[in-house]
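Architecture and fold: a report
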Amino acid sequence: MSPQIPPDILTRSIVGLVAGVVRYPWLVLAVTAALTVAAIQLAYARLEYHTQRNDLLSADKPCQQRWQKYLDAFGDDDDMVVIAEGSDRQQMMTALDAVAVRLQQRPELFDRVFHKLDLRHLQDRALLHLPQDKLEAIRGRIDRMEALLGPVGPVAWRMLAIQSLMANAAVVLENQAAGQPITDADRDLLVQLPPIATAAAQSLRDPNRYRNPWTLTITGPEEAHPAGQDVAQQDALAVPQYFFTPDDSLALLTCRPIKAAQSFTPAKEASAAMRAILAEVGPQFPAVALGLTGLPVLETDEMMLSDFDSRRASWLALLGVAVLYLFVYRGFRYPLLTLTTLVVGTIWALGWATLTVGHLNILSATFAVMLIGMGDYGVLWVAQYDEARRQGESVEVALRRTAERAGPSIATAAATTGLAFFAVMLADFQAVAELGWIAGSGVLLCAASCLILMPALLVLVERRRERNAVAPHTRFNHLTSHRDGPVILAFPTAWLPGLARRPQLVLALGAFLVLAAGLFASRLHYDHNLLNLQDRTLDSVQWEHKLIDRAAGATWDSLSVARSRDEALVLKARYEALPEVGRVVEIASLVPAEQERKLPIVQAIHVRLTGVPAVDQLPAPVESEPGMVLELAGRISRLAGSESAIARACTELAAAVAESPQASHQLREFDLRLGRDLVSELLRLKAVSRPAVVTTADLPVELRERYIGAEGEFLVRAFARDSLWDYEALTRFTRAANTVDPEATGKTFRTLEGLRQMKQGFERAALYALAAIVLVLMFDLRRLADLAMGLFPLGVGIALTLGILGLFGVALNPANMIALPLIVGVGVDNGVHVLHDFRSRDTRRAYRLGSATGRGILVAGLTTVLGFGALMTARQVGMASLGLVLAVGVLCCMIAALVLLPALLQLRDLRQLRHQHADASTVIVPIGTTKAA
């Protein structure tokens, strides 16, 4: 028999607790039911859901504080992106116009619809955007046109012909050669004559080649818009500008969805409505493909897919566990009791989360799935209880024995796993910390449910079975016998006894596998890219990849808030100097600078241009004679020098006149067009010279609401040149942006901070969990040797897991890194159960793993593997990888605990037994005598 070891305080406490439960099972059941109902009501009434990625980071983080300031000033900028793909620009623009009209009809779901920049209402004040020196130059030139704009205008317009202009230029050149001063008007003529003569020569050779030679073109302000396409000499104030990618293959529309509060998919309704609109508009434009992406859409699709995947995985896991329980328990009673205690513990955890935290976030919402996989302590209890009952013990004795044998290991295992989760709270990542608190508390509550509710249920169930089993005329205490019931899965089965007889071979094989795993683990890498965690077959993911391929940084930016227009322009210039920045968007440049100083100049120009005649009222110019043009061309060439621009242009004109058989007619037509084009240029200049200031109130509302803050701040958006889904590019861009503005914010900074905190948080959580577990094990096991034995399955399991992941090329990522602290907790649990079984062994024999303990570890491990392994069927890549890592990790730790640790303990016992046998066989010879051979 095994020597009796005095029970420690933990064992005595658990035995006393179970004795009290057995004495008052109905009271325990009533209190348990009341607590469960209260937890359900509390969660239903007060539990909130924080589903935004913004909720994952701590509000104390500087990154979050900067972001909150931005939100206070500008509101959320989480945009959906509608993409029109095609080769016909006009069709693409018209398709987006049709989409925009329908979106504006749904203000309850969409706002800030933005797909084109229409500044035509500002065109009449375009001159205010020009620098003051250029305005002065324009005014001077207009003043020098006094002859055309004054009282003698009708005569002057008649003299506006190529021959007259060349004659005047010849006189100017002669005066210049004679050393006489020339006027600014003379200089204007010498500058303007080369393009006029060149245009005349081209028109003579081919009238279709005529081009307007006048240079009074007014350039509008630089366009500011999200797509950043080059408008290529178009006036941004003349026509609406749509947002195309650089290759013109994609046109973009952005809008902000109105999100539903307290929902895991707050943009679900808006996404569905948007897709319905695209389906309605799409057939009207067969040459255009319409698609939808953007962070709200990607998150919605991810959450919906994850929800579907998790539901399917839950049913698969439930089915797998049910089949396993039926095979193991050969009945329904034990599975129902086990599941009842697990569900009750999970409900208590939900109520506790509501009471202490008040909400669930994207990560902590998974705590229930984790508890299903890790809180099934009832399996261990039932295994020990069933074994005691089959040995003929009564219910009370069997429960006491179970409390002594399984109770401490369950309590210690729950404490280690709970502390593993609590250690996660030390990680600098709010979402992980909340998950650690809720899941850690849940593990302890599941263990409490097992230790309190399970004995009460067993007593009540056994009493009911007794009443049903006692015959009317035969009374005997059925509670004292359990041998005729169905046999729970025998353990060990066929393979484990063979391994137990060869501990050296088992450990040698284990050492080889660990070394091989270490080699393969060197191939592991960490993938930060969140887009790689999503199913590439999703429509939104495919469109996002198209956008990345053709405009890498189209939706990733750094946001800077300027207190004034001038500060915004300084930030813009500094951003544009960065090689990591592809384009900068702001609207401060749409409000002209120094308008008070420019207004008098613009007004003078506008007043002077009131004398411009209408095109149809121009008098016919004096006809140019080909002979005189040839003579003047030669004269000008001699005076100006053959290498000058004016001489080359006149020589080209002379050649064209000489070659044309209809030179007189063609020169007359050219002179008519020359006058009309000058009038058109002057009228256009007049149309953009209204002397009125431009204010931010004049800008389109879709620009103001995005780029002007609540207190009049100006927003500057610097868009990346490269795709910031890539972690290295994201790091470079944010580092560069901080050199321009240390207070810059945006999803780039929050994403980078979240990725860093998530990875570091889970790494630190695993270390913190290990440290906490070591402390618990030292309190429970009290010897360094036993502590090392308890950690042995964890070390082997993690090594094998990392090796398997490296062998099959499975990357670590933000989704599956949470598996590290979980594997730490589960891996230690198995070792604790084996060590408690080892301590209760018959010390006269070498240790063999107990049937009940092995059965409990195997069944609990298999249920955990089934629960997490079911996630591997998910289409969502992150969820599938999490399921794979957890399933492999739990399986490896379980095998290490069932096979390698017992072999190690057996070798330890064999060595001690050999020493004891050698000591007992030694003959002590008295001094002075000789030992016989």
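In short, a report on the structure. Everything quoted here is computed from the prediction, not taken from an experiment. (Residues numbered from 1 in each chain as written. Predicted model: local features only at pLDDT ≥ 70, side-chain atom pairs only at ≥ 80, totals over all residues. Heavy atoms only, no water.)

**Looking at the overall build of the protein**
The cut-off we apply is this: Runs of E in the DSSP output that reach at least two residues are strands. Runs of H or I that reach at least four are helices, and both are numbered from the N terminus. Partly exposed describes any residue whose relative accessible area lies between the buried limit of under 20% and the exposed limit of over 50%, with all areas from a 1.4 Å probe on protein chains only and scaled to the type maximum. Contacts are residue-level and defined by heavy atoms, with any inter-residue pair within 4.5 Å sufficient.
Secondary structure summary: the protein contains 32 helices and 11 strands in total. Out of the 933 residues in the protein, the part that is buried amounts to 54%. Considering only contacts within the protein whose residues lie at least 6 apart along the sequence, 83% involve residues at least 24 apart.

**Notes on helix α28 (residues 747-781)**
Note the threshold: For a helix, the expected span equals 1.5 Å multiplied by the residue count minus one.
In this model, α28 (35 residues) spans 48 Å end to end at C-alpha, consistent with the 51 Å of a helix rising 1.5 Å per residue. One or two positions beyond α28, positive phi appears at Arg782, with a value near 65 degrees.

**Description of the packing of aromatic side chains**
Quick note on the threshold: Whether two aromatic rings pair depends on their centres lying within 6.5 Å, for rings of Phe, Tyr and Trp, where Trp uses its six-membered ring; planes under 30 degrees apart make the pair stacked, over 60 edge-to-face, and the rest tilted.
Throughout the structure, instances matching the rule amount to 7 aromatic pairs. When the centroid spacing of 5.5 Å and the interplanar angle of 35 degrees are considered together, the rings of Phe422 and Trp437 count as tilted. Remark: Trp437 occurs in helix α17 (residues 430-469) and Phe422 occurs in helix α16 (residues 407-424); sequence separation between them is 15 residues. Among the residues examined, Trp437 registers a relative accessible area of 25% and is labelled partly exposed. Aromatic side chains Trp556 and Trp725 sit 5.2 Å apart centroid to centroid with 75 degrees between the ring planes, which places their arrangement in the edge-to-face category.

**Some thoughts on the sheet that holds strand β10 (residues 581-585)**
In a beta sheet, neighbouring strands are held together by backbone hydrogen bonds and run either parallel or antiparallel to one another. Basically, it comes down to this: One requirement defines pairing of two strands: DSSP has to find at least two bridges between them. Convention adopted: a line fitted to C-alpha atoms gives each axis, helices being fitted over their contacting stretch, and angles between N-to-C directions are expressed from 0 to 180 degrees.
Strand order across the open sheet formed by 3 strands is β9-β11-β10, with antiparallel pairing between neighbours. Looking at which strands have only one partner, the edges of the open sheet turn out to be β9 (557-562) and β10. Each neighbouring strand pair of the sheet contributes to a mean axis angle of 20 degrees, computed without reference to strand direction. Bridging between β9 and strand β11 (residues 714-720) involves 6 bridges; their strand directions are antiparallel. Each residue of the ladder has a partner; that of Leu559, found in β11, is Arg717.

**With respect to the pattern of salt bridges**
Cut-off, in case you're wondering: Any carboxyl oxygen of Asp or Glu that lies within 4 Å of a side-chain nitrogen of Lys or Arg is treated as forming a salt bridge with it.
Enumeration over the complete set of coordinates arrives at 41 salt bridges. A salt bridge links Glu85 to Lys546; its shortest N-O distance comes to 2.9 Å. Placement of Glu85 in strand β2 (residues 80-85) and of Lys546 in helix α20 (residues 539-550) is noted, with a sequence separation of 461 residues between them. Look at Lys546 and you get partly exposed, because its relative accessible area is 28%. In this structure, Arg405 and Asp837 form a salt bridge, with 3.9 Å as the shortest nitrogen-oxygen distance. Of the two residues, Arg405 sits in helix α15 (residues 395-405) while Asp837 sits in helix α30 (residues 819-839), which places them 432 residues apart along the sequence. Because the salt bridges share partners, they merge into one network encompassing Asp124, Arg125, Arg690 and Asp698.

**Digging into the packing of helix α14 (residues 378-390) against helix α31 (residues 851-869)**
Defined as follows: Oblique is the label for every angle not falling under 35 degrees (roughly parallel), over 145 degrees (roughly antiparallel), or within 65 to 115 degrees (roughly perpendicular). Left-handed describes a crossing whose near helix is turned anticlockwise from the far helix by less than a right angle; the clockwise case is right-handed.
Where α14 meets α31, the axes come as close as 8 Å, and the angle between the chain directions of the two elements is 150 degrees. Taken as axis vectors, α14 and α31 run roughly antiparallel relative to one another. Viewed along their axes, α14 and α31 form a crossing whose handedness is right-handed. Two secondary-structure elements touch here, α14 through Val379, Leu380, Ala383, Gln384 and Glu387 and α31 through Ser851, Ala852, Thr853, Arg855, Gly856, Ile857, Val859 and Ala860.

**Looking at the sheet that holds strand β3 (residues 110-114)**
Strand order in this open sheet of 4 strands is β3-β6-β2-β7, and the pairing throughout is antiparallel. Sheet topology places β3 and β7 (289-293) at the edges, where each strand pairs with a single neighbour. Strand-to-strand, the axes of this sheet are offset by a mean angle of 25 degrees, without reference to chain direction. Sheet topology places β2 next to strand β6 (residues 250-257); 6 bridges connect them, and they run antiparallel.

**Here we look at helix α5 (residues 132-143)**
Taking 1.5 Å of rise per residue, the 12 residues of α5 would be expected to cover 16 Å, and the 16 Å separating its terminal C-alpha atoms lies within 8% of that figure. Within α5, burial applies to Gln132, Leu135, Ile138, Gly140, Arg141 and Ile142. Of the surrounding elements, those touching the buried residues of α5 are α6 (146-149), α9 (184-205), α22 (595-608) and α25 (663-687).

**Things to note about the nonpolar core**
We apply this condition: Throughout this description, the term nonpolar core refers to a set of buried Ala, Val, Leu, Ile, Met, Phe, Trp, Tyr and Cys residues connected via side-chain atoms within 4.5 Å.
Judged by nonpolar contacts, the single largest core of 86 residues is most densely connected at Phe367, Tyr377, Trp381, Tyr385, Leu399, Ile410 and Leu458. Discounting residues that sit within four places of it in the chain, Leu458 has contacts with Tyr334, Leu337, Trp381, Tyr385 and Leu399. With 81 residues, the next largest nonpolar core counts Leu128, Leu190, Ile196 and Ile636 among its residues.

**Some details on the side chain of Ser560**
Let me state the cut-off plainly: Think of a polar contact as two N or O atoms within 3.5 Å of one another; within protein, one of them needs to be a possible hydrogen donor and the other a possible acceptor, and neighboring residues in sequence only count if both atoms come from side chains.
On the secondary structure map, Ser560 appears in strand β9. Here the side chain of Ser560 touches Tyr575 through a polar contact of 2.6 Å, side chain to side chain. With residues near it in sequence (within four places) discarded, Ser560 still touches Leu571, Tyr575, Phe714, Leu715, Val716, Asp741 and Ala744.

**Some thoughts on the environment of Glu681**
Secondary-structure assignment places Glu681 in helix α25. The exposure class of Glu681 is buried, given its relative accessible area of 11%. A sequence separation of 466 residues divides Glu681 from Thr215, and the C-alpha atoms of the two residues are 8.4 Å apart.

**Examining a nonpolar patch on the surface**
Rules: Exposure above 30% relative accessible area and no salt bridge define the residues that can form patches, which grow by joining like charges within 9 Å and nonpolar side chains of Val, Leu, Ile, Met, Phe, Trp and Tyr within 5 Å. Only the protein chains shown count as cover for residues, with accessible areas throughout obtained via the Shrake-Rupley method and a probe of 1.4 Å.
A surface patch of nonpolar side chains, amounting to about 400 Å² of accessible area, comprises Tyr24, Leu27, Val31 and Leu35. Residue position: Val31 is located in helix α2 (residues 25-46).

**Quick notes on unusual backbone geometry**
Located in the positive-phi region is Asp248, a residue other than glycine, with phi close to 65 degrees. Structurally, Asp248 is set in the loop between β5 (241-242) and β6.

**Let's talk about the environment of Ser644**
By the secondary structure assignment, Ser644 is in the loop between α23 (626-640) and α24 (645-659). For Ser644, the side chain forms a polar contact with the main-chain oxygen of Ala640, separated by 3.4 Å. A polar contact is formed between the side chain of Ser644 and the backbone oxygen of Gly641, at a distance of 2.8 Å.

**Section: the side chain of Asn816**
Along the chain, Asn816 falls in the loop between α29 (784-807) and α30. In contact with Asn816, other than residues within four places in its own chain, are Ala811, Ser881, Leu882 and Val885.

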